[in-house]
Structures are given as structure tokens and as C-alpha cells.
Amino acid sequence: MKAFSRHITANAILGIILLSMILLTACGAPKPWYRKELRSEVEGFVPVKIEEGDYQLFLIGDCGKVPEGDLPPVFEALTRQLEAADKNSGIIYLGDNIYEYGMPAPGDPERGEMERRMTVQLKPTKNFKGRVLVIPGNHDWEQGKANGWATVNREEAFVEAHLKRGKDAYLPDDGCPGPREIQLGNEQVLLVYDSQWWLHKHEKPGKANGCNASTDEEFLNNFKAALDRNAGKQVIVAGHHPLHSYGPHGGHFHPSNHLFPMRMFKHNLWIPLPVLGTVAVVYRKYFGNIQDIPNRRYTALQKDLDALFESQPGLIYVSGHDHNLQHLKRDGRHYIVSGSGAKSTYVSHGKNAEFTDAEKGFGKMVLKQDGTVWLEFWAIAKKEKRVVLRYAKQIK
């Protein structure tokens, strides 16, 4: 009788776990979220009309795990748009270009596969008339390990040799922090910096290695000088790490992570750890590892840059890192996350969100001649199994 009772109890527990899996998955099913005032416009989104003199800036990040075989739909759609664009355009690959540990040394058994991952994601740029720019993320720095600086330098050398578009196809150079200034027009400037340089705990370059900064203070002073030089212009800042996010790196998690915390690292690991799951979620939400915004070191970067950005109303900050699509508006500035080139993860929403989507895709900004700026997001619609326009909004 006791054995029967234990059997019933075990089955009941298993049933509860399975039911929880179904309910938690259903309540977190990915679909685009729009701020209330925009929801009536969803069906009417159309691509922005490109006129002579407009600058198109494509944004795609976290492409470092492109599967073998045919080019995925996101990259097919990106290819079509890049081939249709004129020379007054550019694309930024927003970091985490090679998972998990960046570009190995020549002769390493993994070298061939990592070269494949890098070349496949760059394939859409083959016939692109505009500028191609690749920036590094934490995975390109060997995921923050001791040989990160050498690893990111190997990736830079490979990308520049493969693209044959000059030394400025990969920025900042040589693992330096930046920022590097790129004039997009008379009134628009792009500031590119390496956010992993700030977070990296091991050896990294400084003034002795040809960089313009060795310390946090010098880096921030250089950033302020770049902003001051471009006062009154439309400033776009590009870095791998977001300063604000409703994704996991911002402390927002799918409800299922409380019961199945291993899904934070691999989506199909349905291992029930109910108590440990909540502990893991709480830790990352309020403390975080160094790749999470709540982490003390990361928070320092966020606060210091946001303080500098106060002098630049309308500034646009673009990033990857979280594997989703986001448009946030905060204190008159715009924060864009486009990190779902090859992977997608849960994203929530909140008072600063205009749009969020947990699907693979890419972003595009159109800088119009009249000074207005439009933002588009293109993402996979699973029912149609194709990439569609999810979002189109004038942000300035």
C-alpha cells in the first residue's frame, strides 16, 4: 500500500512538472509587444521610402552561431535589402560574432568551423555597396577569459582579410576601447566603442599599446571629448552591450526559469530545479554576472555613459548582447537592441519600452535628409516562415 502511495505521489509530482512546463511555455510564447498607443498601427506598417540623400544603417548582432546548410531566412532577407541599398548606407555587426570563445589560433581543431561561422554571416555583404563594420562582443574576447585580447585581435585580422574593405572594417582596432568617430553625413556621426574592454578582467591594451586610454577615467574623458566635438549633431553610439534592456541581461526572465533554470543557458534543458531556479533568477536580477547589467562593474559603465549622454538630446544607442529586438525610450534618448541574428531569447517590456520581440531578426535606421530618423525591425513570422516588417516608427 505504501509503495502504491509513493507511486501515486511520484506520478502526481511528475504531472505537476509537466503541466507547469506546458503552462509556463504557453504564457511566455514569443510574440511582438507594442506600446499601447502603437497597437492600432501594427497592420499598417510599411517600409520607409528611401529618397536621394537618405542614409540607411542596418543593425544585426549576435550572429556567431549560424547553422550549416542553406542561408537562414534572416540572412536571406538581409541580403536582399543590402543588395538593393545604394552606397549611402552601412551595416553594423554588433558583436558576439563567434560563439563560444571567439577565433582560435591557426592550427586549432576548431579554427575551420569558426572561420565558417564568420564568413557565412558576412555573406550578405558580398554585393553591398555601402560600408561594412564589425564590432566585438564578449564572446569575441574569449568570453572574458585570459587570452581574450589575443582572441579578438585574431578575429579582427581574419575579418579584414576576408572582407578586403580596409582596416576600418573592424573597429575599434587592436582591442582598444575607442570611441572611434565615423561621419555618416554633415549632421550625423557614429561613435563606435568596445564595451568588453571595460568589462574585461584580464590583460587588455592601453596607451602603451597604441590606444587612447588605459584607465576608466581616460576612456570616459575621450568619450566626452567626442560628444563635445559633435554637439548639435545626431549622435549614434554603437557598442555590443546594452545600457538598458528588458531581456535576461537586464534581469528579466521567462517565468519557466524559476522551475527550469538551465533553460537560461540552453533552451531545451528542461531539468526541474524549483528552488535553485528561483535563487538563480534572483541572483541575476539583483547582482548578476559581469555580463549582466545589475553587476556592479557593468552598472558603472551604464551610469557613467548615461551621465555623458545627458548633453546629447536625441542620442541613439545601438547594441546586441540580448538575443531579441527592442526599442526603448528613456530620458529623451533611444536605446535599440538588435541581438537576434542567429539566436533568440525571452524579452519582457516595461514603462520605457516602445517595442520588444523575442524572434530572430535585424534592425534598420533611416537617417533622412530633413533630419528625421526612422527605425524598422524585420523579424521571422513563424506562421508565414518568412521575415516580415514588425515595426516602423519615426523616432526623431
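Residues numbered from 1 in each chain as written. Predicted model: local features only at pLDDT ≥ 70, side-chain atom pairs only at ≥ 80, totals over all residues. Heavy atoms only, no water.

Student: Explain the overall build of the protein chain to me, using residue names and the numbers behind them.
Tutor: Looking only at helices and strands, one finds eight helices and 14 strands in the protein chain. Looking at the protein chain as a whole, 55% of its 396 residues qualify as buried. Considering only contacts within the protein chain whose residues lie at least 6 apart along the sequence, 66% involve residues at least 24 apart. Surface summary for the protein chain: the accessible area is close to 18100 Å², and the carbon and sulfur share equals 55%. (Helix = DSSP H or I, 4+ residues; strand = E, 2+ residues; numbered from the N terminus. Buried < 20%, exposed > 50% of the residue type's maximum accessible area, 1.4 Å probe, protein only. Contact = heavy atoms within 4.5 Å. Areas by Shrake-Rupley, 256 points an atom, 1.4 Å probe, with all protein chains shown as cover.)

Student: A description of the pairing of strand β10 (residues 333-338) should follow, citing residues and the corresponding values.
Tutor: Counted residue by residue, β10 has six buried out of six residues, so it is predominantly covered. By the bridge criterion, four bridges tie strand β8 (residues 316-319) to β10 in an arrangement that is parallel. Among the inter-strand pairings, Ser319 is bridged to a residue of β10, identified as Val337. Linking strand β9 (residues 325-330) back to β10 in an antiparallel pair, the connection comprises two residues, with Asp331 at a positive phi of about 55°. (Pairing = 2+ DSSP bridges.)

Student: Give me the nonpolar core: which residues, what numbers.
Tutor: Residues Phe219, Phe223, Leu305, Phe309 and Met365 are the most contacted members of the largest nonpolar core, which totals 98 residues. The element contributing the most residues to this core is strand β13 (residues 373-381), with six residues. The residues touching Phe219, leaving out its near neighbours within four places in the chain, are Pro177, Gly178, Tyr193, Trp197, Trp198, Ala213, Leu301 and Leu305. (Core = buried A, V, L, I, M, F, W, Y, C linked by side-chain atoms within 4.5 Å.)

Student: Any details on the state of the cysteines? Residues and values, ideally.
Tutor: Across all of its chains, the model carries one disulfide by this definition. Across the disulfide from Cys176 sits Cys211; the S-S distance is 2.0 Å. An S-S torsion of about -80° defines the bridge between Cys176 and Cys211 as left-handed. Separated by 35 residues along the polypeptide, Cys176 in the loop between α4 (148-163) and β5 (180-183) and Cys211 in the loop between α5 (195-199) and α6 (216-229) bring together distant segments of the chain. Since its relative accessible area comes to 10%, Cys176 is described here as buried. (Disulfide = S-S within 2.5 Å.)

Student: Residues and numbers for the sheet that holds strand β12 (residues 361-367), please.
Tutor: In space, the six strands of this open sheet follow the order β4-β3-β2-β12-β13-β14, with mixed pairing throughout. Each having just a single partner strand, β4 (131-134) and β14 (386-394) make up the two edges of the open sheet. This sheet shows a mean twist of 20° between the axes of neighbouring strands, independent of strand direction. As defined by bridge partners, strand β2 (residues 55-60) adjoins β12 across five bridges and the pair is classed as antiparallel. Note on β12: the bridge partner recorded for Phe58 is Lys364. (Axes fitted to C-alpha atoms, helices over the stretch in contact; angles between N-to-C directions.)

Student: Outline a nonpolar patch on the surface, supporting the account with residue identities and numerical values.
Tutor: On the surface, Val282, Tyr283, Tyr286 and Phe287 cluster together into a nonpolar patch covering about 440 Å² of accessible area. On the accessibility criterion, Tyr286 (54% relative accessible area) is exposed. (Patch = residues over 30% accessible without salt bridge, like charges linked within 9 Å, V, L, I, M, F, W, Y side chains within 5 Å. Salt bridge = Lys/Arg side-chain N within 4 Å of Asp/Glu carboxyl O.)

Student: Account for the environment of Gly148, with residues named and values stated.
Tutor: On the secondary structure map, Gly148 appears in helix α4. Spatially, the C-alpha atoms of Gly148 and Lys201 are 9.6 Å apart, while their sequence positions differ by 53 residues. If near-sequence neighbours (up to four positions away) are discounted, Gly148 is found in contact with Asp140, Trp141, Glu142 and His200.

Student: Describe in detail the packing of α6 against helix α8 (residues 296-309), supporting the description with residues and values.
Tutor: Between α6 and α8, the shortest axis-to-axis distance is 10 Å and the interhelical angle comes to 30°. On the basis of their axis angle, the class for α6 and α8 is roughly parallel. The element α6 and its partner α8 pack so that their crossing is right-handed. Two secondary-structure elements touch here, α6 through Asp216, Phe219, Leu220, Phe223, Lys224 and Leu227 and α8 through Arg297, Leu301, Asp304, Leu305, Leu308 and Phe309. Its residues placed into classes, the contact of α6 with α8 shows eight nonpolar, no polar and four charged. (Parallel < 35°, antiparallel > 145°, perpendicular 65-115°, else oblique. Left-handed = near helix turned anticlockwise from the far one by under 90°. Nonpolar A, V, L, I, M, F, W, Y, C, P; charged D, E, K, R; others polar.)

Student: If you had to explain the environment of Val48 to someone new, which residues and values would you point to?
Tutor: With respect to the secondary-structure elements, Val48 resides in the loop between β1 (33-34) and β2. Its relative accessible area of 12% is what places Val48 among the buried residues. Here the alpha-carbon distance between Val48 and Ala392, two residues 344 residues apart in the chain, equals 7.5 Å. Not counting residues within four places of it along the chain, the set of residues in contact with Val48 comprises Val366, Lys368, Trp374 and Glu376.

Student: Which residues make up helix α2 (residues 73-84), and what values do they have?
Tutor: With 12 residues, α2 extends 17 Å from end C-alpha to end C-alpha; this agrees with the ideal 16 Å at 1.5 Å per step. Regarding α2, the residues found buried are Val74, Phe75, Ala77, Leu78, Thr79, Gln81 and Leu82. Check the buried side of α2 and you find it contacts β2, β3 (89-93), α3 (111-122), β12, β13 and β14. (Expected span 1.5 Å × (residues − 1).)

Student: Which residues make up α3, and what are the values?
Tutor: Spanning 12 residues, α3 covers 17 Å between terminal C-alpha atoms, matching the ideal 16 Å at 1.5 Å per step. Residues of α3 that are buried include every one of Arg111, Met114, Arg116, Arg117, Met118, Val120, Gln121 and Leu122, and no others. Those residues of α3 hidden inside the fold are in contact with α2, β3, β4 and α4.

Student: For the pattern of salt bridges, give the residues involved together with the corresponding values.
Tutor: On inspection of all chains with the given rule, the structure shows 20 salt bridges. Between Arg180 and Asp168 there is a salt bridge, with its nearest N and O atoms 3.3 Å apart. You can see Arg180 sitting in strand β5 and its partner Asp168 sitting in the loop between α4 and β5, a full 12 residues away along the chain. You can call Arg180 partly exposed: its relative accessible area is 28%. You can call Asp168 partly exposed: its relative accessible area is 30%. For the salt bridge of Arg180 with Asp173, the shortest nitrogen-to-oxygen distance reads 3.1 Å. The exposure class assigned to Asp173 is buried, which follows from its relative accessible area of 15%.

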